[in-house]
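The chain contents come next:
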Amino acid sequence: MERVRSSKDRRNYALELTTAGKRKLAEIGRVGAEHEKDICGVLSESERAELIATLRRLANDQGLIAGVHPGFRSLNRARGAEAS
């Protein structure tokens, strides 16, 4: 990560991935896709779609937000308690 001035507001800074960070993120994406293929390879396309729909229902029921690790909910609660 590198700290750069925000292009929208020069008073602020933004964090951006370095070239090495972008390469690592791409590698992680490839590894994740391979892992998913290994795990779900036995499922047909319709079975995969059904699994995804079921997991989304469970996540919605639990109040999970797509793309956000559930551990951040408890982290935010802990930060709120510290501020009290």
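What you see as residue numbers is a count from 1 along each chain, following the sequence as written. Whole-chain, interface and lining totals are the exception, using all residues; otherwise, since this is a predicted model, local features are given only for residues with pLDDT of at least 70 and side-chain atom pairs are given and counted only at 80 or more. Water and hydrogen atoms play no part in the side-chain values, which are based on all heavy atoms of the structure.

Secondary structure is summarised from DSSP: a helix means a run of H or I of at least four residues, a strand means a run of E of at least two, and numbering begins at the N terminus for each. Helices and strands together make up the secondary structure of the chain, namely 3 helices and 2 strands. Ordered by position from the N terminus, the helices and strands of the chain form the series β-β-α-α-α. Relative accessibility under 20% of the residue-type maximum defines a buried residue, over 50% an exposed one, and the middle range a partly exposed one, all with a 1.4 Å probe and only protein chains included. The proportion of buried residues among the 84 residues of the chain is 4%. Contacts between residues were defined by any pair of non-hydrogen atoms, one from each residue, lying within 4.5 Å. Of the contacts formed within the chain by residues at least 6 apart in sequence, a portion of 0% connects residues at least 24 apart. Accessible surface, the chain as shown: approximately 7,700 Å² in total, 55% of it carbon and sulfur. Residue exposure ignores everything except the shown protein chains as possible cover, and the areas themselves are Shrake-Rupley values with a 1.4 Å probe.

Mean pLDDT over the chain works out to 86, with 87% of the residues at or above the 70 mark. Predictor confidence is given residue by residue as pLDDT, running from a minimum of 0 to a maximum of 100. Per-element confidence in the chain is highest for helix α2 (residues 45-61), whose mean pLDDT is 95, and lowest for helix α3 (residues 71-83), whose mean pLDDT is 64.

Salt bridges are identified by distance alone: a Lys or Arg side-chain nitrogen within 4 Å of an Asp or Glu carboxyl oxygen. For the structure on display, the rule yields 2 salt bridges. When the shortest N-O distance is used, the salt bridge between D9 and R11 registers 2.8 Å. The partner of K24 in a salt bridge is E27, with the nearest N and O atoms 3.4 Å apart. Residue K24 and its partner E27 are located together in helix α1 (residues 19-40), separated by 3 residues, close to a single helical turn.

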